[in-house]
Amino acid sequence: MRILFLVTSHNGLSQRLFCELVSDAHKVQVYVLHDDVETIKVVDDYNPDLIIAPFLKTAIPDSVWKKYVCLIVHPGIVGDRGPSALDWAIMKAESIWGVTVLQAAQDMDAGDVWASDEFEMRNVTKSNLYRHEVTQAASRAIKKAIANFQDEAFRPEVLDYKNSNVKGCWNNPIKRSDRAFEWSDTTNSIVRKIKAADSTPGLLETKIFEEPFFMYGAHPESILKGQPGEIIAKRNGAICVGTGDGSLWVTHLKKKGGGVKRKSTDVLGEILIGIPEAPLDPFDSYNDQDTFREIWVEEAGDILYIHFDFYNGAMSTDQCNSLRKVFMQACQLNHKMIVLQSGGDIWSNGIDLNAIECADNPADESWKNIVAIDDLIREIINCESKIVVSSITGNAGAGGAIMALAADFVFARDGIVLNPHYKNMGLFGSEYWTYLLPKRVGQKNATQLTEDCSVLVASQAKKLGFVDDCFGETLEDFKSMVKEKVRKLAEHAAYDKIIADKRLARLKHETKKSLDSYRDEELKKMNQIFYDPESDYHLKRHFFVCKVSPQRQIESNWSVVNYKCIESKPVLENA
C-alpha cells in the first residue's frame with residue numbers, strides 16, 4: 001500500500017514503524033507537518049491509500065481526514081482521551097496501559113477504534129516508557145490496524161463508554177498544579193512525579209533555590225538521609241535531596257523560562273560549595289541498595305558486566321573517560337568476558353551535545369569529547385585478552401551506535417532503532433567508524449548508511465551484519481537471553497581459539513592500516529568542522545539542543561535541515 005506518515009517530528013516510534021512497514025513491502029513516505037496549506041498539497045500529490053499519524057502534536061486539517069482514512073496512534077488504553085496520556089498513567093501508578101489506533105475525527109481521540117494493544121507498566125520515566133513499551137505496542141497495533149484496513153469486511157469499533165470493556169476516560173491536559181509536591185512527601189511520590197514529567201516539561205522546583213528549575217532524572221536513595229529539601233550530597237553531576245522519608249537524586253536541571261537541560265551541579269555551580277561529594281566505586285555493590293550511579297560492575301563467574309546508564313544516551317568527556325578507566329580496570333581482572341550493557345533505556349547517542357552547547361568554547365569541548373570517546377573505543381578494540389560483548393538494550397545513534405561495533409559480538413534487543421550516521425548534525429564522524437562499519441557491513445553499505453542517513457531496526461541490522469543477533473522484545477527477556485549466550489561463550493570449548501583468532505585478525509588489520517591512521521583521518525575532518533564558525537554543525541547542534549521547532553527554523557531563514565518529505569529507502573543489501 002501507499003502509506004503517508006504525518007508527524008510533528010520523525011522520532012524513534014515513527015522511525016521503527018517506517019522501517020517495519022517498508023520491510024513489509026509498503027511504500028511509505030514521511031511528512032513533517034508545516035502548515036495546513038502545504039499539508040493538503042502534499043497529501044493530495046501523494047494520494048495515499050492510508051494516512052498514519054505515529055507522533056502528532058497538531059490537528060490534521062479537516063479536509064484531509066474527511067477525504068482519507070487517517071489513523072492516529074494514541075499512547076493510551078481504549079477510551080483514554082487527552083494529550084497527557086502517559087503523564088496520568090504514571091501519576092496514577094497504572095499497572096496496565098496500552099496504545100490505541102483510532103480514526104481521526106472532529107473531537108480529540110474520539111474516533112473509531114481500528115486496533116489496540118496493552119502492556120504492563122514499568123516504574124520508569126515517561127520517555128523511557130514511550131521508547132520501549134509504547135513503541136512496541138504501537139508496532140503491534142499498527143500492523144493489526146493495517147490488516148483490518150485491508151479486510152473489506154472489517155468495521156472499526158465506535159467508541160462507546162457504555163461498553164464495559166472500555167476502561168479509559170477523558171483526562172484534562174496535566175497542569176503544574178497536578179504535579180505539586182512538598183519535599184516532606186515520600187520519596188516514591190516525588191520520584192513518580194518527576195518521572196511523569198521527564199523528559200518534558202520536567203517537574204518544577206521552587207523551594208530550594210533562589211530561582212525555579214525543572215528537575216529530571218530522579219533516583220531513590222536508600223542510605224543517605226537528610227531533612228526535607230536539604231541538599232545533602234553530590235555525585236557524578238547529580239544532587240541528593242532529603243525527602244519526608246529519606247532522599248532522592250536529581251541528575252539534571254533546567255532553568256524555568258529558558259536554558260538547556262544540564263547536569264545539576266553544572267547548573268547550580270557555586271550554590272553547591274560546601275556540599276560533600278559522595279563517590280561510589282563502580283566495583284562496589286552498595287549492598288544492592290537504591291542509589292544513583294552512572295557506571296557499575298556486576299560479576300557473574302567468569303563474566304564481568306559493565307553497566308552504564310547516561311541520561312538520554314549522551315556521553316560527555318568526563319563520562320567517556322570514566323567508562324574507559326572502568327573498562328581498563330576490568331581488562332586487568334581474571335575474567336574471560338566483558339559485557340558492555342546499557343541501562344534500561346538508550347544505549348548511547350555519542351558525544352554530549354548539551355554539554356558542548358553550554359561550554360565556554362563549544363569547539364574546544366567538541367574536540368575534547370570526540371577525543372575522549374575515541375580513546376574509549378580504542379581500548380575496546382584493543383582488548384585482546386577477553387571476549388567483549390556489546391549488549392544494546394535500547395536505541396542508539398551516531399557515535400553511540402558505532403561504539404557498539406568495537407566489541408567482538410554485538411547483541412541488540414529486538415525492535416530497537418539504530419541511526420548509525422552523523423550527517424544530520426553536520427558532522428563527518430569519528431569513533432573509528434571508517435574502520436568498524438565497513439568491517440561489519442561492507443564498504444558499499446557503510447557509505448549508504450552514512451550518506452543517506454539510513455535508519456535500521458534491529459532485524460534489519462542483523463540481516464546487514466551490523467549486529468550478530470537480535471532477540472527479546474522486553475528488556476527482561478533480552479537481558480536474560482544475553483546472560484545465557486555469554487555464559488555459553490565463556491564455557492565454549494573453542495574459547496581459546498576465539499581469542500587467538502581475534503588477536504590474529506587485529507594484527508592483520510593493523511598491518512594493512514593502523515588504527516592511528518583511521519583516527520587521524522577522521523579527527524582531521526572533525527577538527528575542521530569544529531573550528532569552522534560557519535559550519536552546519538554549530539547551527540544544527542543549537543537547533544537540536546534548544547529544541548527549535550522546524551517552523552521557527554524555517555521562519556528564521558536559518559534552516560539547514562530538509563523538513564519536506566523523507567522518501568522511503570530500500571532495504572540495504574547484505575554485505
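Residues numbered from 1 in each chain as written. Predicted model: local features only at pLDDT ≥ 70, side-chain atom pairs only at ≥ 80, totals over all residues. Heavy atoms only, no water.

**As for the overall build of the protein chain**
Operational definition: Under the DSSP-based scheme used, a helix requires at least four consecutive residues in state H or I and a strand at least two consecutive residues in state E, with every element numbered from the N terminus. Only protein chains enter the area calculation, which uses a 1.4 Å probe; residues under 20% of their type maximum are buried, those over 50% are exposed, and those in between are partly exposed. We call two residues in contact when some of their heavy atoms are within 4.5 Å. Each accessible area is a Shrake-Rupley result for a 1.4 Å probe, and residues are judged covered by the shown protein chains and nothing else. Here Asp and Glu are counted as negative and Lys and Arg as positive; His is not counted, and neither are the chain ends. Just so you know, the charge point we use is NZ for Lys, CZ for Arg, CG for Asp and CD for Glu.
Summing up its helical and strand segments, the protein chain has 19 helices and 22 strands in all. Dimensions along the principal axes, computed over C-alpha positions, put the protein chain at roughly 65 × 60 × 50 Å. Buried residues in the protein chain amount to 55% of all 575 residues. Taking as baseline every contact in the protein chain between residues at least 6 positions apart, the subset at least 24 positions apart corresponds to 69%. Carbon together with sulfur atoms contributes 49% to the accessible area of the protein chain, which is approximately 25200 Å² in total. Between the centroid of the 69 positive side chains of the protein chain and the centroid of its 81 negative side chains there is a distance of 2 Å.

**Let's talk about helix 12 (residues 433-441)**
Counting buried positions over the 9 residues of helix 12 gives 7, a clear majority of the element. Regarding helix 12, the residues found buried are Trp-433, Tyr-435, Leu-436, Leu-437, Pro-438, Arg-440 and Val-441. Remark: Gly-442 follows helix 12 within two positions and exhibits a positive phi of approximately 90 degrees.

**Brief notes about the sheet that holds strand 19 (residues 417-419)**
Stated formally: Only when DSSP finds a minimum of two bridges between them are two strands counted as paired. Here, axes are lines fitted to C-alpha atoms. For helices the fit covers the stretch in contact, and angles between N-to-C directions go from 0 to 180 degrees.
Taken in spatial order, the 3 strands line up as 17-19-20 in an open sheet, and their pairing is mixed. Single-partner strands in this sheet number two, and they are strand 17 (396-397) and strand 20 (456-457). Helix 1 (residues 12-23) contacts strand 19 and strand 20 of the sheet and is inclined by roughly 100 degrees relative to strand 19.

**Quick notes on the pattern of salt bridges**
Stated precisely, the cut-off is as follows: A pair is scored as a salt bridge if a Lys or Arg side-chain nitrogen falls within 4 Å of a carboxyl oxygen belonging to Asp or Glu.
Applying the stated criterion across every chain yields a total of 28 salt bridges. In this structure, the salt-bridge partner of Lys-488 is Glu-484, at a minimum N-O distance of 4.0 Å. Here the residue Lys-488 and the residue Glu-484 both occupy positions in helix 15 (residues 475-491), the gap between them amounting to 4 residues, near one helical turn. Beyond isolated ion pairs, a larger network of salt bridges with shared partners links Asp-117, Arg-140, Lys-144 and Glu-473.

**Details of the environment of Asp-80**
Mapped onto the elements of the fold, Asp-80 is located in the loop between strand 4 (70-74) and helix 4 (85-91). On the accessibility criterion, Asp-80 (3% relative accessible area) is buried. Sequence separation between Asp-80 and Trp-97 is 17 residues, and the spatial gap between their C-alpha atoms is 9.9 Å. For Asp-80, the contacting residues outside a window of four places in its chain are His-74, Ala-85, Trp-97, Asp-109, Gly-168, Cys-169 and Asn-171.

**Here's the deal with the pairing of strand 3 (residues 50-53)**
The alternating pattern of strand 3 places Leu-50 and Ile-52 and Ile-51 and Ala-53 on opposite faces, both of which are buried. Bridge analysis of strand 3 against strand 4 gives 3 bridges, and the strand direction is parallel. Its bridge partner being in strand 4, Ala-53 is matched across the sheet by Ile-72.

**Quick notes on the sheet that holds strand 13 (residues 295-300)**
Spatially, 6 strands are ordered 13-14-15-16-18-21 in an open sheet, and the strand pairing comes out mixed. Edge positions in the open sheet fall to strand 13 and strand 21 (469-471), since each of these has one partner strand only. On average, each strand axis in the sheet is inclined to that of its neighbour by 20 degrees, with strand direction left out of account. Examined bridge by bridge, strand 15 (residues 337-342) and strand 16 (residues 387-392) share 5 bridges and lie parallel to one another. When the sheet's bridge partners are listed, Ile-338 is paired in strand 16 with Val-388.

**Describing the pairing of strand 18 (residues 409-413)**
Where burial is concerned, most of strand 18 is hidden: 4 out of the 5 residues are buried. With 4 bridges connecting them, strand 16 and strand 18 associate as parallel partners. By the bridge assignment for strand 18, Val-389 is matched with Phe-409.

**Considerations on the nonpolar core**
What counts here: As used here, the term nonpolar core means buried Ala, Val, Leu, Ile, Met, Phe, Trp, Tyr and Cys residues forming a set that is joined through side-chain atoms within 4.5 Å.
Ile-306, Phe-327, Leu-436, Leu-437 and Phe-466 are the most contacted members of the largest nonpolar core, which totals 68 residues. Of the residues forming this core, the biggest block, 7 residues, is contributed by helix 10 (residues 362-381). Contact partners of Phe-466, with chain neighbours within four places excluded, come to Ala-401, Leu-405, Val-410, Leu-418, Pro-420, Leu-437, Arg-440, Val-441 and Ala-461. Counting 45 residues, the second largest nonpolar core, distinct from the first, contains Leu-50, Ile-77, Phe-119 and Ala-137.

**Examining the packing of aromatic side chains**
Both the distance between ring centres and the angle between the ring planes are used here to describe each pair of aromatic rings. Spelled out, the test is: Note on aromatic pairs: the rings of Phe, Tyr and Trp (six-membered ring only in Trp) are paired at centre separations within 6.5 Å, and the planes decide the class, stacked below 30 degrees, edge-to-face beyond 60, tilted for the rest. Charge-over-ring placement is defined geometrically: NZ (Lys) or CZ (Arg) within 6 Å of the ring centre, and within 35 degrees of the ring normal.
Evaluated as defined, the whole model comprises 15 aromatic pairs. When the centroid spacing of 6.3 Å and the interplanar angle of 65 degrees are considered together, the rings of Phe-55 and Tyr-130 count as edge-to-face. Here the residue Phe-55 occupies a position in the loop between strand 3 and helix 3 (62-65), and Tyr-130 occupies one in helix 5 (residues 126-150), the gap between them amounting to 75 residues. For the pair Phe-55 and Tyr-130, a shared accessibility class is recorded, and that class is buried. Taken together, a centroid distance of 6.0 Å and an interplanar angle of 45 degrees make the contact between Trp-249 and Phe-292 tilted. Taken together, the positions of Trp-249 in strand 11 (residues 247-255) and Phe-292 in the loop between helix 7 (264-268) and strand 13 put the pair 43 residues apart, joining distant regions of the chain. With respect to burial, Trp-249 and Phe-292 carry one shared label: buried. Chaining the aromatic ring pairs together yields one cluster made of Phe-409, Phe-411, Phe-471 and Phe-478. The ring of Tyr-46 carries the charged tip of Arg-2 above its face, separated from the ring centre by 4.1 Å. Lys-261 extends its terminal NZ or CZ atom over the ring of Tyr-216, reaching a point 4.1 Å from the ring centre.

**Side note on the confidence of the model for the protein chain**
For the record, the criterion: Per residue, pLDDT measures the predictor's confidence, with a range of 0 to 100.
A residue-level look at the protein chain finds 95% of positions with pLDDT of 70 or above and a mean pLDDT of 94. Counted against residues more than four places away or in other chains, residues 559-575, with its pLDDT under 50, gives 53 contacts.

**Concerning the packing of helix 10 against helix 17 (residues 515-530)**
When two helices pack together, their arrangement is given by the angle between their axes and by how far apart the axes lie. In plain terms, the rule: Throughout this description, any angle smaller than 35 degrees is read as roughly parallel, any larger than 145 degrees as roughly antiparallel, any in the 65 to 115 degree range as roughly perpendicular, and the remainder as oblique. Here a crossing is taken to be left-handed if its near helix is turned anticlockwise relative to the far helix by less than a right angle, and right-handed if that turn runs clockwise. Here the nonpolar group is Ala, Val, Leu, Ile, Met, Phe, Trp, Tyr, Cys and Pro; Asp, Glu, Lys and Arg are the charged ones; every other residue, Gly included, is treated as polar.
Packing of helix 10 against helix 17 leaves a shortest axis separation of 10 Å and a crossing angle of 165 degrees. Classified by the angle their axes make, helix 10 and helix 17 are roughly antiparallel. Here helix 10 runs over helix 17; the crossing is right-handed. Two secondary-structure elements touch here, helix 10 through Ala-363, Ser-366, Trp-367, Ile-370, Val-371, Asp-374, Asp-375, Arg-378 and Ile-381 and helix 17 through Leu-515, Asp-516, Arg-519, Leu-523, Met-526, Asn-527 and Phe-530. A per-class count over the contact of helix 10 with helix 17 returns 9 nonpolar, 2 polar and 5 charged.

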